[in-house]
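Tertiary structure, described
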Amino acid sequence: MRRDAKKNISAVEEPRMLEHAIVGSVRRWIGKTGSCCFDADSREVSTFEFATITIPDCMVPWGEKAYYEIEVVRSSRWGIMGWGSLALQRHTETKSSGVGLSHGSWGVSGWSTKGFKCSGGVKSQCGIAWKAGDIVGLAVDLSGTGSIMVSVNGKDEMPCGVIFSDLSHAGVIEGVFPACSLMPEFKCKIHVEAFSFKFAPPDDTFKPVAKFAGFDWELSLEKRNTKAWSGRLASAVPKDRPQAPVEGRQAEAESSSSDSD
């Protein structure tokens, strides 16, 4: 079913001050220095080699639902978009790294009619396809065990719809944030505020991801790097935000234990 267009989302536009705050929080997460850039005026992301761009300030916590859009300007095989978490390691080595290609991230590519989705380096065909000019909607529901949904030009029926589920078993602690991995051949624009959306989220309970701006991801990363963190996972979650379901925290604890062995 095709969802309503932007004009039916809300009659009230988000403050423009928020727009400038969000575009200033776009980060190069994986890739060499100078490998990518973000134009705040056009919202266009450009890369000079394979790189991963994220917006970690917009961390969607457990108990919440969020949505953002990516406008495909020029398509190619290596344009993977989706969500990342703080379990997605930051580094400058790009080989076999990126959204969905590394632990703690989930991505989808619609380069051909086959398309593929990937998580933790495991890829599978999904049939999702897009081309230049298309609007890809990316939604996450962390109100339960966690799921990720995709739409293309407002259409969320198969092969779109829910493409990942049960994120609680994937070591997601603080939540997830927008992320995409691109080659120079792929160009896109990122839209995180309601006034810039072309299509509506899955339903009214999904908030524009910009609503979650302000998360101190650097402090959380510091906590993750302490020896005490693996034994007290709750300390990595801000006190004013819901924690992941118990089974998700246990899965992460087991993963942390095995990594240290």
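Keep in mind that this is a model prediction, so the values were computed, not measured.

Some remarks on the overall build of the chain
Each helix and strand in the chain was counted, giving three helices and 15 strands. Evaluated residue by residue, the chain yields a buried proportion of 53% over its 261 residues. Long-range pairs, those at least 24 residues apart, make up 68% of the contacts in the chain between residues at least 6 apart in sequence. Carbon together with sulfur atoms contributes 51% to the accessible area of the chain, which is approximately 11,800 Å² in total.

Observations concerning the packing of aromatic side chains
As enumerated under the stated definition, the model contains three aromatic pairs in all. Measuring from centroid to centroid gives 5.1 Å for Tyr 68 and Trp 83, while their planes differ by 85°, and the two rings are edge-to-face. Linking Tyr 68 in strand E5 (residues 65–74) with Trp 83 in strand E6 (residues 79–84), this pair joins segments that are 15 residues apart in sequence. The ring of Phe 164 is capped by Lys 117, whose NZ or CZ atom sits 5.6 Å from the centre of that ring.

Focus: unusual backbone geometry
With an omega of 5°, the peptide bond between Met 158 and Pro 159 qualifies as cis. Relative to the assigned elements, Pro 159 resides in the loop between strand E11 (147–152) and strand E12 (161–165). Notably, Asn 153 is not glycine yet its phi reads approximately 55°, a positive angle. Backbone geometry at Asp 166 places phi at a positive 60°, although glycine is not the residue there. Inspection of the secondary structure assignment puts Asp 166 in the loop between E12 and strand E13 (177–182).

Some words on the confidence of the model for the chain
Summing up the model confidence of the chain, the mean pLDDT is 76 and the portion of residues at 70 or higher is 72%. Segment residues 6–21 is flagged for pLDDT under 50; beyond a separation of four residues in sequence, or across chains, it makes 21 contacts in the model.

A few points about the sheet that holds E13
Read from one edge to the other, the open sheet built from seven strands follows the order E1-E4-E13-E6-E7-E8-E9, with strand pairing classed as antiparallel. This sheet does not close on itself; its edge strands, each paired only once, are strand E1 (27–30) and strand E9 (122–125). The sheet shows a mean angle of 25° between the axes of neighbouring strands, taken without regard to direction. Both strand E4 (residues 51–54) and E13 contribute to a ladder of four bridges, which runs antiparallel. Looking across to E13, one finds that Thr 54 is bridged to Ala 179.

What about the pattern of salt bridges?
Per the stated rule, a full pass over the model turns up three salt bridges. For Glu 193, the salt bridge goes to Arg 43, with nearest N and O atoms at 2.7 Å. Here Arg 43 lies in the loop between strand E2 (36–38) and strand E3 (44–47) and Glu 193 lies in the loop between strand E14 (187–191) and strand E15 (207–208), a separation of 150 residues in the sequence. Here Glu 193 falls in the buried class, since its relative accessible area comes to 0%.

Structural notes on the environment of Phe 215
Inspection of the secondary structure assignment puts Phe 215 in the loop between E15 and helix H2 (217–224). A relative accessible area of 5% places Phe 215 in the buried class. Along the sequence, Phe 215 and Pro 61 sit 154 residues apart, while their C-alpha atoms lie 9.6 Å from each other.

Regarding the pairing of E5
The buried fraction of E5 is high, at eight of ten residues. Across seven bridges, the pairing between E5 and strand E10 (residues 135–141) is antiparallel. Note on E10: the bridge partner recorded for Glu 69 is Gly 137. Pairing of E5 with E15 involves two bridges; the strand directions are parallel. Note that in E15 the partner of Ala 66 across the bridge is Lys 207.

Some words on the pairing of strand E8 (residues 116–119)
A regular strand carries its side chains on alternate faces of the sheet. Residues Phe 116 and Cys 118 of E8 are buried on one face, while the alternating residues Lys 117 and Ser 119, pointing to the opposite face, are not. Of the strand pairs in this sheet, strand E7 (residues 105–109) and E8 are connected by four bridges, and their pairing is antiparallel. Each residue of the ladder has a partner; that of Ser 109, found in E8, is Phe 116. Relative to E9, E8 runs antiparallel, the two being bridged by four bridges. Residue pairing across strands places Lys 117 opposite Ser 124, the latter belonging to E9. Turn length for the E8-E9 hairpin, with the two strands adjacent in sequence and antiparallel, is two residues, and the turn residue Gly 120 shows positive phi of about 60°.

About the thresholds
- For every chain, the first residue of the written sequence is number 1, and numbering continues from 1 along that sequence.
- Predicted model: local features are reported for residues with pLDDT of at least 70 only, side-chain atom pairs are reported and counted for 80 or more only, and whole-chain, interface and lining totals are derived from all residues.
- Computation of side-chain values covers all heavy atoms of the structure but excludes hydrogens and water.
- For the purposes of this entry, the term helix denotes a DSSP run of H or I that reaches at least four residues, the term strand denotes a run of E that reaches at least two, and both are numbered from the N terminus.
- Three exposure classes are used, based on accessible area relative to the maximum for each residue type with a 1.4 Å probe and protein chains only: buried under 20%, partly exposed in between, and exposed over 50%.
- The contact criterion used throughout is that any non-hydrogen atoms of two residues lie within 4.5 Å.
- Reported accessibility uses the Shrake-Rupley method at a 1.4 Å probe radius. Residues are deemed covered only where the shown protein chains occlude them.
- Stacked, tilted and edge-to-face are the three classes applied to pairs of Phe, Tyr and Trp rings, where Trp contributes its six-membered ring and a pair requires centres within 6.5 Å; stacked means planes under 30 degrees apart, edge-to-face means over 60, and tilted covers the rest.
- Cation placement over rings: the criterion is NZ of Lys or CZ of Arg within 6 Å of the ring centroid and within 35° of the ring normal.
- Note: pLDDT gives the predictor's confidence per residue, expressed from 0 to 100.
- Note: two strands are recorded as paired if DSSP finds a minimum of 2 bridges between them.
- Every angle, taken between N-to-C directions, lies between 0 and 180 degrees, and every axis is a line fitted to C-alpha atoms, over only the stretch in contact when it is a helix.
- By definition, a salt bridge exists where a carboxyl oxygen of Asp or Glu is found within 4 Å of a side-chain nitrogen of Lys or Arg.

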